[in-house]
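# A closer look at the structure
Given next are the chains, with one letter for each unit.
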Amino acid sequence: MARLFRESRRDSSSHSSSSNGFLQPAAAAAVSSTSSPALPSPFPDLGVALSAADLREAAYEVLVAASRTTGGKPLTYIPQGAASGAGAPPSPASSASSASSASLQRSLTSAAASKMKKALGLRSSASTKGVGSPGSGGRAGGPPRRPATVGELMRVQMRVSEPADARIRRGLLRIAASQLGRRAESMVLPLEFLQQFKASDFPDAQEYEAWRTRNLKLLEAGLLLHPLVPLNKSDSSAQRLRQIIRGAYDRPLETGRNSESLQSLRTSVMSLAGRSHDGTSDGCHWADGFPLNLHLYQMLVEACFDNDEGTVVDEIDEVMELLKKTWVILGINEMLHNLCFTWALFNHFVMSGQVDIELLSAAENQLAEVAKDAKTTKDPNYCKVLSSTLSSIMGWTEKRLLAYHETFNTSNIESMQGIVSIGVSAARVLVEDISHEYRRRRKEETDVARTRVETYIRSSLRTAFALRMEEADSKRSSRNPTPVLSILAKDIGDLALKEKNLYSPILKTWHPLASGVAVATLHSCYGNELKQFVAGLTELTPDTVQVLKSADKLEKDLVNIAVEDSVDSDDGGKSLIREMPPYEAENAIANLVKVWIKERVDRLKGWVDRNLKQETWNPGANRENFAPSSVEMLRVIGETLDAFFELPIPMHPTLLPDLTAGLDRSLQLYVSKAKSGCGTRNSFMPQLPPLTRCEVGSKLLFKKKEKPQNLQVRASQNGTANGNDPLGLPQLCVRLNSLQYIRGELENLEKKIKTCLRNVESAQADITDGVDIKFELCQAACQEGIQQICETTAYKVTFYDLGHVLWDTLYVGDTAANRVELLLRELDPVLETISGTVHNKVRNRAITALMKATFDGFLLVLLAGGPFRAFTRQDSQIIEDDFRALRDLYLADGDGLPEELVDKASSQVKNVLPLFRADSESLIERFKRMMVESNRSASKNRLPLPPTTGHWSPNEPNTVLRVLCYRSDETATRFLKKTYNLPKKI
C-alpha cells in the first residue's frame, strides 16, 4: 500500500503547480482588465507567519476531514487522478469512495437551479459560461473540463493540486484506520498529520519543510496565541508546547513516526485542545479560537466565487452545504457565517472593478441579515469582528461617496444606489448596535442614515466646488481676478442642476432634502470666495458690480432649488434657508467702509507717533496747561467721526463699533506714550546702604572736608537740568492735565456720536436706545496713567529734585542742627507749582502722592540714612516734632488735604517713631524675641541677619535692627559688633 501511495505521488507530482500543493493565483485564474485589488482583511492579525496559501491548505484539510467523517461508512482512498479522469468510467473503488463521502462526491449538473442565488438576487451563470467549470482552466485543443463532483469543485476552487489532495485524503485514511470511530472535531488535524507523514511523503525537502512549519504554526496560533479558552500563565502544557515549537524551528522535529518528541508534542497539544469553557466538551479545540477560525473560514467562503470571473458559482447551494459541516470544528455559527459571506460578496464586487452590480446587490441583501444578527447578540468577539468588517466596508464606500461627483457619472450611476445603501447600512449597525455612546443618548433619536448621507452631500459638493474653482481660474485671460468669480458663478449653477437631476433622486431615499442640502453647501462655498474677493477691494468698479450681479443670480437659482426641495418638509425649508445668508451688496460696501476706517485709524496712530516725539509738554502753551497734542488729537477724532457719518451708506449703526474701537485704541496709544517716558516710582527710589553701627563718643561724625556718602538715587535717563526737561515738575503736571483732559472729553465724544446717529438718514427713531458707546480702553489707560504720573512726580521731587536736602542735610552730623525746616521750605514752591498748574480734579491726587513720598523719604532717612547719621533717645522728641511739622504742611491749617487722609498716610511713620524713644536694652530684647519667634533655628545667642523687606514696622525685625544701627550708645554698638560684626564705616 505504501508503495502504491509513493507511485501515485510520483505520477501526479508533475501536475503540481506549487511547492506547497496549491496552484498560484496567476495559474489558477485569469486577471480581468477591469479588476481591482482586494481589500485588506478586516480580521485581526494572527501574530504568526501563516500565508494565505497556508491558511487555504489548512482550511481545505478541515473541509475534507469534516465532509468525509459525516458519512456512515469507513473511509477509503482512491487517487484523485484515477477517480476523476476525464471520460473514464467509474471503478468499483471509486464508487465505494463516493458512497462513503456523499457530500464531497455528489455529482454536479450544469443547469442546476440555485435557491441561494435566487435569494441573493443573483442570476444563474451556467447558460452563459458554457460547459466550463469555475477556475478549471482549459486544455490545449479542447474545452475546459468541468468538475464532476462538489469535492472536485472545491479542490479546484481552493487551488489545491491533485497530489496535495491525494496526500490529505491518504492521511485522513490512515488516521481513520488507526482511530476507528473518531470524528474530525475530536482530532487536532495538524498534530495528526505530523504523526502520519514524514519527509519521504513529499516530492522534495523544501515542500516538506514548508508543510511541517505550517502545521507547527497552526498549533501555535490555535493553542497558544488564539485558544478558545484563554490560557493561564502558569499552564505547564502551554509552556511545554511553546518550548517544543521553538525547539522545532531550531532543530527539525522528526515526523511520521511515534517518536518521543512527537509523543511529548501530542501530550501538550491534547492537554490544551481538550479544554472548554464548561469543562465537559469531548471535542478538540484547536481551530475555533478567535480570530484563527475566521481566517480559516474565510478561505472556505472564497470557494463560493469563480476563480476566473469572480462571480458566485452556480453550485453555491452544494458548496454552502459543505461549508456548514466545518462549523463544529471552526466554531462558526450562522451569524459569523453571514458576516464572512457579506464581506466576501462586497470584496468581490470591489475586485470586479465595481462593475458587477449583482454582487453589490447580493452584498446589500446579505448585510440586511447581518443587521438583524447584530441586534440579537453582544458577544465581544462577534462585536469586535463586526465592527472591523463594517468599518472596512464603510471606509471603502465613504472614500467614494465623500466625493461622489468624481466617482459616479451617467455611465456608472446605477452602482451608486447600492454603494450608498451598503455604506449607510454599515454605519447604522456601527452606530446603533455597537456604539455605547449611541445607546446612552438614544433618546435623541439620531437618524444615522440621514446624517451620513448629508455628510456625503456636503463633502462631495465641497470637493466638486474646489475643482470648478480651479477650472474657472484657468479660464481667466488676465491677472485681474474679477472675471473668475463671474465664470465660477455660472459653473456652480450648472453643477447645482446636475446635482438636482442626477444624484439627488438617488440620495432622497435616505435624505428627503438632498437637493436643498447640496445647494446650501454650494451657496456657502461660493459665499466664502465672494467674501474673500470683496475683502480685497479698495473701491467699487464695473468689474466688482459684474461679480456682485453674477453672485446675485446664482443665489436666486440656488434658493429656488432649496425652496422647491423643502416644500413638504416639516419646517418648510426654514432650516436650509438659515444656512444661506444672502450675498448682499451691503456686505461689500461694509467691507469697503471697514477699509476706510482702518486707513483713518492707521493714519491717526501715525500722527500720534510723530507728534508725541515733538511734544515738549510746555505749561505755557495754552491757558489750560494742556499739551497741544492732546487738543489736536481730539480735534482729529472729531473730524473723523464727522466724515464717517457723512458717508452715503445705510449701515452706520452696524459699522460704528468698528470705528469707535479703532479710535479707542488710538487714544489708548496716545495715553500710553504720554506716560511711557516718565518712568515709575521705582525709577527714583534710592538704593539702601549697607548696615553699620555708630561710633560712640564722637560728636562730629565726619570731618568738614569729608563729604557724606549719600544714598544713590536711580534718576531717569531722560532727566536734564535745564528748564526744557521733559520730566521737570511743570512738564509732568502738563502730562497729568492732558490725560485728565482726554478722560473728560470722552463723555463729550459719546454724546456727539449719539447725536450723529439720530441725524443719519438710515436711523430709526429709537436708534440710540440701548447703544452703549464706551471708550473703555482709553478710560482704563487714563486712570492708570494719572496714577503712575502722580507717583512718578512725587518720588522724583522727593528723592531726585530735593535729594540734596533730604540726604545731604536732614539729620546729618548733629540731629538738632539739621532739622526738617529746610525740607519744608523746599517743598513750599513745589506745592505751589502743583496747585497752580494741575487740574483741580486731579490736584489732590498729585499732592497726596507727594505727601506719601515725603513720608517714605523721612522714614528712609531715619532707618537707612547711612553712617553719617546717629540718634540718641533724646533725639526722638526732635524727630517727632519734625514729623508733626511735615504733616502740618499738608494739612495747611485746614486748607490742605483732609485730615483723615493725612492720618492714614502717616500711620506707618507714627508706628515706627516710638522705637526711637525706647532704650537700647529693650530694643535688643525686642529684636531677639522677634528673631527667635520668626526663625525656629535661631536662639538668643545666635541670630541670623533679618532680610530687608522695606515694610517698616515696629513688629518687623529688620526695622528694629536699623533703629539699633543708628542708636548712638555703647549698648547698641556692642550688640551689633558681637552679633553681626557690623562696621562703623562703609
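Given the structure is predicted, the values throughout are model-derived calculations rather than measurements.

The next point concerns the overall build of the protein. Of regular secondary structure, the protein possesses 42 helices and zero strands. In the protein, which comprises 986 residues, the share counted as buried stands at 51%. Put simply, of all contacts in the protein between residues at least 6 apart along the chain, 77% involve residues at least 24 apart. Approximately 46000 Å² of the protein is accessible, and the part contributed by carbon and sulfur atoms is 50%.

Next up on the list: the pattern of salt bridges. Evaluated as defined, the whole model comprises 36 salt bridges. In this structure, glutamate 454 and arginine 458 form a salt bridge, with 3.1 Å as the shortest nitrogen-oxygen distance. In this pair, glutamate 454 and arginine 458 are both assigned in helix H24 (residues 448-474), four residues apart and thus about one turn of the helix distant. Given the relative accessible area of 24%, glutamate 454 is considered partly exposed. According to the relative accessible area criterion, arginine 458 is buried, its value standing at 14%. Between glutamate 784 and lysine 675 there is a salt bridge; the shortest N-O distance is 3.3 Å. In this pair, glutamate 784 sits in helix H33 (residues 776-801) while lysine 675 sits in helix H31 (residues 652-676), placing the two residues 109 residues apart along the sequence. Residue lysine 675 is classed as buried on the basis of its relative accessible area, which comes to 10%.

Before going further, it helps to examine the packing of aromatic side chains. On inspection of all chains with the given rule, the structure shows 26 aromatic pairs. Where phenylalanine 644 meets phenylalanine 645, the ring centres are 5.1 Å apart and the plane angle is 75°; that geometry is what we call edge-to-face. Here a set of aromatic residues connected by ring pairs shows up, and it is made of Tyr811, Phe855, Phe858, Phe871, Phe883, Tyr890 and Phe916.

All right, on to helix H36 (residues 840-864) then. Compared with an ideal rise of 1.5 Å per residue, which puts 25 residues at 36 Å, H36 spans 36 Å between its outermost C-alpha atoms and is within 8% of the ideal. With 18 of 25 residues buried, H36 lies mostly within the body of the structure. One or two steps after H36, the chain reaches glycine 866, where phi turns positive at roughly 95°.

With omega at 5°, the peptide bond leading from phenylalanine 290 into proline 291 counts as cis. Structurally, the position occupied by proline 291 is in the loop between helix H14 (260-273) and helix H15 (292-301). One non-glycine residue, glutamine 354, adopts positive backbone phi at about 60°. As for its position among the elements, glutamine 354 is in the loop between helix H18 (334-351) and helix H19 (357-374). Non-glycine residue asparagine 625 carries a positive phi angle of around 60°. Of note, asparagine 625 is situated in the loop between helix H29 (585-614) and helix H30 (628-645).

In this section: the packing of H30 against helix H32 (residues 729-759). Two numbers describe how H30 lies on H32: the axes approach to 11 Å, and their chain directions differ by 10°. Between H30 and H32, the angle falls in the class roughly parallel. Of the two elements, H30 crosses H32, and the hand of that crossing is right-handed. Between H30 and H32, the contacting residues are Ser630, Val631, Leu634, Ile637, Gly638, Leu641, Asp642 and Phe645 on the first element and Ser738, Tyr741, Ile742, Glu745, Leu749, Lys752, Ile753, Cys756 and Leu757 on the second. Across the contact of H30 with H32, the residue classes break down as eleven nonpolar, three polar and three charged.

Relative to the helices and strands, glutamate 398 resides in helix H20 (residues 380-401). Taking the relative accessible area as the measure of exposure, glutamate 398 reaches 12% and is therefore buried. A distance of 3.3 Å separates polar atoms of two side chains, one belonging to glutamate 398 and the other to tyrosine 456. Every residue in contact with glutamate 398, bar those within four places of it in the chain, is listed here: Arg452 and Tyr456.

The next thing to look at is the environment of glutamate 220. Following the sequence through the fold, glutamate 220 ends up in helix H12 (residues 205-225). Linking glutamate 220 and valine 48, residues 172 residues apart in sequence, is a C-alpha distance of 7.9 Å. Not counting residues within four places of it along the chain, the set of residues in contact with glutamate 220 comprises Val48, Leu225, Ile245 and Tyr249.

Spacing of three or four residues puts side chains on the same side of an α-helix, whose turn is 3.6 residues. In this model, H32 (31 residues) spans 45 Å end to end at C-alpha, consistent with the 45 Å of a helix rising 1.5 Å per residue. At leucine 746, H32 shows its strongest bend, of approximately 25°.

Attention now moves to the confidence of the model for the protein. Within the protein, residue pLDDT values average 82, and 82% of them lie at 70 or more. Contacts of residues 70-101 to residues separated by more than four positions or lying in other chains number 41 contacts, the stretch itself having pLDDT below 50. Counting interchain partners and residues more than four positions distant, the pLDDT-below-50 stretch residues 135-142 has 13 contacts.

So, about a nonpolar patch on the surface. Taken together, the side chains of Val563, Val567 and Ile577 make up a nonpolar region of the molecular surface, amounting to roughly 250 Å² of accessible area. Take isoleucine 577: it is sitting in helix H28 (residues 574-578). When its relative accessible area of 37% is taken as the criterion, isoleucine 577 is described as partly exposed.

Closest axis-to-axis distance for the helix H37 (residues 875-891)/helix H38 (residues 899-912) pair is 10 Å, and the angle between their directions is 155°. Here H38 runs roughly antiparallel to H37, going by the angle between their axes. For the pair H37 and H38, the sense of crossing is right-handed. On H38, the residues touching Phe883, Arg887, Tyr890 and Leu891 of H37 are Glu899, Val902, Asp903, Ser906, Val909 and Lys910. Class assignment for the residues of the contact of H37 with H38 results in five nonpolar, one polar and four charged.

So, about the nonpolar core. Membership of the largest hydrophobic core comes to 163 residues, with the highest contact counts inside it found for Leu265, Tyr526 and Leu530. With sequence-adjacent residues up to four places away left out, leucine 265 is seen in contact with Leu191, Leu194, Leu219, Leu241, Ile244 and Leu253. Counting residues in hydrophobic clusters, the runner-up holds 122 residues, among them Leu655, Val805, Leu823 and Phe871.

Time to look at the environment of alanine 794. If you trace the backbone, alanine 794 turns up in helix H33. For alanine 794, a relative accessible area of 2% corresponds to the buried category. Considering only alpha carbons, one finds alanine 794 and arginine 681, 113 residues apart in sequence, at a separation of 8.0 Å. Aside from chain neighbours lying at most four places away, what touches alanine 794 is Ala849, Leu850 and Ala853.

Calculation rules
Residues numbered from 1 in each chain as written. Predicted model: local features only at pLDDT ≥ 70, side-chain atom pairs only at ≥ 80, totals over all residues. Heavy atoms only, no water. Helix = DSSP H or I, 4+ residues; strand = E, 2+ residues; numbered from the N terminus. Buried < 20%, exposed > 50% of the residue type's maximum accessible area, 1.4 Å probe, protein only. Contact = heavy atoms within 4.5 Å. Areas by Shrake-Rupley, 256 points an atom, 1.4 Å probe, with all protein chains shown as cover. Salt bridge = Lys/Arg side-chain N within 4 Å of Asp/Glu carboxyl O. Phe/Tyr/Trp six-rings, centres within 6.5 Å; stacked < 30°, edge-to-face > 60°. Expected span 1.5 Å × (residues − 1). Axes fitted to C-alpha atoms, helices over the stretch in contact; angles between N-to-C directions. Parallel < 35°, antiparallel > 145°, perpendicular 65-115°, else oblique. Left-handed = near helix turned anticlockwise from the far one by under 90°. Nonpolar A, V, L, I, M, F, W, Y, C, P; charged D, E, K, R; others polar. Polar contact = N/O pair within 3.5 Å; in protein donor to acceptor, adjacent residues only side chain to side chain. Bend = angle between axes of the 7 residues up to and from the residue. pLDDT = per-residue confidence, 0-100. Patch = residues over 30% accessible without salt bridge, like charges linked within 9 Å, V, L, I, M, F, W, Y side chains within 5 Å. Core = buried A, V, L, I, M, F, W, Y, C linked by side-chain atoms within 4.5 Å.

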